[in-house]
Amino acid sequence: MRIRIVDAFTDRPFAGNPAGVLLLDAFPDDPWLQNVALEVNHAETAFAHPLPAGGEADWALRWFTPATEVAMCGHATLATAHVLHTTGVHRGPVRFATRSGVLIATPGEDGSVTLDFPTAPLTAVDVPEGVAEALGARPLTAFDTGPDIGDLLVEVSDERTVHALRPDLKALAAHSERGVIATARAENPALGYDFVSRCFFPNVGIDEDPVTGSAHTALAPYWSERLGRSVLTGLQASPRSGRVRTEVRGERTLLSGRAVTVIEGDLLV
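Not measured: the values here are computed from a predicted model.

1. Notes on the overall build of the chain
Piece 1. The helix and strand tally for the chain stands at 6 helices and 18 strands.
Piece 2. Relative to the globule expectation of 18 Å for 269 residues, the C-alpha radius of gyration of the chain, 18 Å, shows essentially globular dimensions.
Piece 3. Counting only residues that meet the buried cut, the chain has 57% of its 269 residues in that class.
Piece 4. Sequence-distant contacts in the chain: of pairs separated by 6 or more residues, those separated by 24 or more amount to 62%.
Piece 5. By element, 51% of the accessible surface of the chain is carried by carbon and sulfur atoms, the whole surface being about 11,500 Å².
Piece 6. Mean positive and mean negative side-chain charge positions of the chain (22 and 34 charges, respectively) differ by 5 Å.

Right, here's the structure in full:
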């Protein structure tokens, strides 16, 4: 079977967030899926297979980190949609049946893909004791992002602080189900982005995720309320970096970006 590595939320190779993508006839057993994801060893590997015509979804989709299956992944969904569209396997919008419900990916004329995801419910919480020390910066605010995301979202003082974070990942792992999203307002919106973030997910085997679509379902409503606009662009300031265009539509959030296939080959097992 063909296996591809796709860089998502970027328009150039070796940037954005890489994901493995396998198109299957059906899902093999879970240990095989997990072993493949471990072998690929990127933040996520997506596995998809077509569903019978006439149902609520076109493809079934699952995502695995090197350590576990996750309930939602934006960049690997974008990568899968990119593969379906660029190979001609699927035309037009594609509906994915996932653990987070039906997620729709729509190709744009410019080569981008727009994902329709549920907006994360944000609940303000007290900054947990020890988070400042583990993160290496004192949060101004903290929010629980709900069961689908499972992160602690914290705003820090400024963009420079986000770039400079060097967290104690072992200590940080105690403070959320998946990890911690650190964010701040952009210092210079003229550069083309409105807010910055970094995402640390030690509980699912990802020290720092390069570009996280699912995190932007929480970042988008947070910053849309703060900045008074429904359409924004976020820069995820990881070493690989990437940008996510967001649009909040009530209970749904649209995430848009591009993708580049960088490796294609045969999986032999």
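Here the narrative resumes, following the displayed structure.
2. Here we look at the side chain of asparagine 17
Piece 1. Structurally, asparagine 17 can be placed in strand E2 (residues 17-23).
Piece 2. Given the relative accessible area of 0%, asparagine 17 is considered buried.
Piece 3. Of the polar contacts made by the side chain of asparagine 17, one reaches the side chain of aspartate 209; its length is 3.0 Å.
Piece 4. Those residues in contact with asparagine 17 that sit more than four places away from it in its chain are Val6, Asp7, Ala8, Ala43, His75, Asp209, Pro210 and Val211.

3. Looking at the side chain of threonine 65
Piece 1. Along the chain, threonine 65 turns up in the loop between strand E4 (59-64) and strand E5 (69-70).
Piece 2. Classification of threonine 65 as buried rests on a relative accessible area of 0%.
Piece 3. Contact partners of threonine 65, with chain neighbours within four places excluded, come to Gln34, Ala37, Ala43, Glu44, Val70, Val204 and Ile206.

4. Focus: the environment of glycine 228
Piece 1. Along the polypeptide, glycine 228 turns up in the loop between helix H6 (213-227) and strand E15 (231-236).
Piece 2. Overall, the relative accessible area of 64% leaves glycine 228 in the exposed class.
Piece 3. When the C-alpha atoms of glycine 228 and histidine 216 are compared, they prove to be 17 Å apart, with 12 residues separating the residues in sequence.

5. Things to note about the pattern of salt bridges
Oppositely charged side chains can pair when the atoms bearing their charge come close.
Piece 1. Under the counting rule described, the total for this entry stands at 15 salt bridges.
Piece 2. Taking the shortest distance from any N to any O, the salt bridge between arginine 2 and aspartate 266 comes out at 2.6 Å. Here the residue arginine 2 occupies a position in strand E1 (residues 2-8), and aspartate 266 occupies one in strand E18 (residues 259-266), the gap between them amounting to 264 residues.
Piece 3. Glutamate 187 is paired through a salt bridge with arginine 160; the nearest N and O atoms lie 3.6 Å apart. Of this pair, glutamate 187 sits in the loop between strand E12 (179-185) and strand E13 (195-201) while arginine 160 sits in helix H4 (residues 159-164), placing them 27 residues apart in sequence.
Piece 4. Salt bridges linked by common partners bring Arg2, Arg4, Glu264 and Asp266 together as one network.

6. Quick look at H6
Piece 1. Given a rise of 1.5 Å per residue, 15 residues ought to cover 21 Å, and the 20 Å separating the end C-alpha atoms of H6 matches this to within 8%.
Piece 2. The largest bend along H6 measures about 30° and falls at leucine 219, with the proline proline 221 one to four residues further on.
Piece 3. For H6, a buried count of 12 out of 15 residues is recorded, marking the element as mostly surrounded by other parts of the structure.
Piece 4. Those residues of H6 not exposed but buried are Gly213, Ser214, Ala215, His216, Thr217, Ala218, Leu219, Ala220, Pro221, Tyr222, Trp223 and Ser224.
Piece 5. Phi for glycine 228, located one or two positions after H6, is positive at around 75°.

7. What about helix H2 (residues 74-86)?
Piece 1. With 13 residues, H2 should reach 18 Å at 1.5 Å per residue; the first-to-last C-alpha distance of 18 Å fits that figure.
Piece 2. Across the 13 residues of H2, 12 count as buried, placing the element largely inside the fold.
Piece 3. Among the residues of H2, those classed as buried are Gly74, His75, Ala76, Thr77, Leu78, Ala79, Thr80, Ala81, His82, Val83, Leu84 and His85.
Piece 4. Immediately downstream of H2, the backbone of glycine 88 shows phi near 80°, a positive value.

Cut-offs used in this document
- Residues numbered from 1 in each chain as written.
- Predicted model: local features only at pLDDT ≥ 70, side-chain atom pairs only at ≥ 80, totals over all residues.
- Heavy atoms only, no water.
- Helix = DSSP H or I, 4+ residues; strand = E, 2+ residues; numbered from the N terminus.
- Rg over C-alpha atoms; globule rule 2.2 N^0.38 Å.
- Buried < 20%, exposed > 50% of the residue type's maximum accessible area, 1.4 Å probe, protein only.
- Contact = heavy atoms within 4.5 Å.
- Areas by Shrake-Rupley, 256 points an atom, 1.4 Å probe, with all protein chains shown as cover.
- Lys, Arg positive; Asp, Glu negative; His and termini not counted.
- Charge placed at Lys NZ, Arg CZ, Asp CG, Glu CD.
- Polar contact = N/O pair within 3.5 Å; in protein donor to acceptor, adjacent residues only side chain to side chain.
- Salt bridge = Lys/Arg side-chain N within 4 Å of Asp/Glu carboxyl O.
- Expected span 1.5 Å × (residues − 1).
- Bend = angle between axes of the 7 residues up to and from the residue.

Any functional reading would require information beyond the geometric quantities listed.
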